[in-house]
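# Residue-level structure breakdown
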Amino acid sequence: LGSPPALRTPPTKEDEMDKWLLAMMASGATVVVLDNVSRLASAALSAALTGDKITGRVLGASQIGEYAVACQWIGTGINSGLSTEIYRRVVDVRLDAKMSNPEDRPADSFRIPNLPRYLRENRRELVRADLTLIQWWVAQGMPKNTGPGKASFDLWSDAMGGIMESLNIRGFGDTPAERRPEDPDREKITDL
């Protein structure tokens, strides 16, 4: 994008989420960032994360709109909770500063003290480096991911996991079992 995307806290009510998602896709959003997520549990968001299109009633009109879902989804939060439906649709990235108040670290303790500025100033070189890594994967015959994948995202998992493996980076798609949310329907299913 060349600049940071807009941030938004996720709607807390399902009908608000449904309307917001429809408006976001109608606007042609390419990146959607949900910031300060404490818990995500939404049928509408689950469908949008998996589907190619969403439909819904256009606000202020008696018509149904259908819009492509062609965006990157990003969520940020501290120990965010996820419903079982959302959990199976996300790649869980955990950052551990190994201290209780990472915001207290002095700027000179970082290898890159001002990361946002560095990213802006070095965007061309960083994009070139990413494309070089992808080209390396292509030159290796585009090997597929051999680790865990993501259901409903097979092509993406195969490509991203394959790129990581071609670079000898292991663990793509691994999510610790303790991060998996409890499934309230598990007992009902196992009792059948």
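First things first, this report covers the structure right here in the doc. Everything numeric in this text was worked out from a predicted model, so none of it was measured.

## Topic: the overall build of the chain
In terms of regular secondary structure, the chain is built from seven helices and seven strands. Taken from the N to the C terminus, the helices and strands of the chain come in the order β-α-β-β-α-β-β-β-β-α-α-α-α-α. The principal-axis extents of the C-alpha atoms in the chain amount to approximately 55 × 45 × 45 Å. Within the chain, buried positions represent 24% of all 192 residues. The contacts in the chain between residues at least 6 apart in sequence include a share of 66% that link residues at least 24 apart. Accessible area for the chain stands at about 13800 Å²; split by element, carbon and sulfur atoms hold 54% of it. Once the 24 positive and 26 negative side-chain charges of the chain are each reduced to a mean point, those two points are 4 Å apart.

## Some details on the pattern of salt bridges
In the structure shown here, the tally under the stated rule is four salt bridges. One salt bridge connects Lys53 with Glu66, and the closest N-O pair in it is separated by 3.5 Å. Of this pair, Lys53 sits in strand 4 (residues 53-57) while Glu66 sits in strand 5 (residues 64-68), and the two are 13 residues apart along the sequence. Given the relative accessible area of 53%, Lys53 is considered exposed.

## Brief notes about the side chain of Ser46
On the secondary structure map, Ser46 appears in helix 2 (residues 43-50). Accessibility expressed as a relative area gives 3% for Ser46, which makes it buried.

## Focus: a nonpolar patch on the surface
The grouping of Val127, Leu131, Ile134, Val138 and Met142 at the surface amounts to a nonpolar patch, some 400 Å² of accessible area in total. Within the secondary structure, Val138 sits in helix 5 (residues 123-139).

## Describing helix 6 (residues 154-166)
When the terminal C-alpha atoms of helix 6 are compared, their 18 Å separation across 13 residues agrees well with the 18 Å that a helix rising 1.5 Å per residue should span. Inspection of helix 6 places Ser157, Gly161, Gly162, Ile163, Glu165 and Ser166 among the buried residues, and these make up the whole buried set. Buried-residue contacts for helix 6 involve helix 5.

## Topic: the nonpolar core
Core analysis: the largest hydrophobic core is formed by 20 residues, its most contacted members being Leu21, Leu40, Leu45 and Ile54. Elements with a minimum of two residues in this core: helix 1 (14-26), strand 2 (31-34), helix 2 and helix 3 (84-87). No other element matches helix 1, which puts five residues into this core. In contact with Leu40, not counting residues within four places along its chain, are Pro10, Leu34, Leu45, Gly81, Leu82, Ser83 and Ile86.

## Focus on the side chain of Asn145
By the secondary structure assignment, Asn145 is in the loop between helix 5 and helix 6. The buried category is assigned to Asn145, whose relative accessible area is 12%. Within the structure, Asn145 has its side chain in polar contact with the backbone oxygen of Pro148 (distance 3.0 Å). Leaving out residues up to four positions away in the same chain, Asn145 has contacts with Ser157, Asp158, Gly161, Gly162, Glu165 and Phe172.

Definitions and limits used
- Residues numbered from 1 in each chain as written.
- Predicted model: local features only at pLDDT ≥ 70, side-chain atom pairs only at ≥ 80, totals over all residues.
- Heavy atoms only, no water.
- Helix = DSSP H or I, 4+ residues; strand = E, 2+ residues; numbered from the N terminus.
- Buried < 20%, exposed > 50% of the residue type's maximum accessible area, 1.4 Å probe, protein only.
- Contact = heavy atoms within 4.5 Å.
- Areas by Shrake-Rupley, 256 points an atom, 1.4 Å probe, with all protein chains shown as cover.
- Lys, Arg positive; Asp, Glu negative; His and termini not counted.
- Charge placed at Lys NZ, Arg CZ, Asp CG, Glu CD.
- Salt bridge = Lys/Arg side-chain N within 4 Å of Asp/Glu carboxyl O.
- Patch = residues over 30% accessible without salt bridge, like charges linked within 9 Å, V, L, I, M, F, W, Y side chains within 5 Å.
- Expected span 1.5 Å × (residues − 1).
- Core = buried A, V, L, I, M, F, W, Y, C linked by side-chain atoms within 4.5 Å.
- Polar contact = N/O pair within 3.5 Å; in protein donor to acceptor, adjacent residues only side chain to side chain.

Interpretation note: all reported values are geometric properties and have no functional meaning in isolation.
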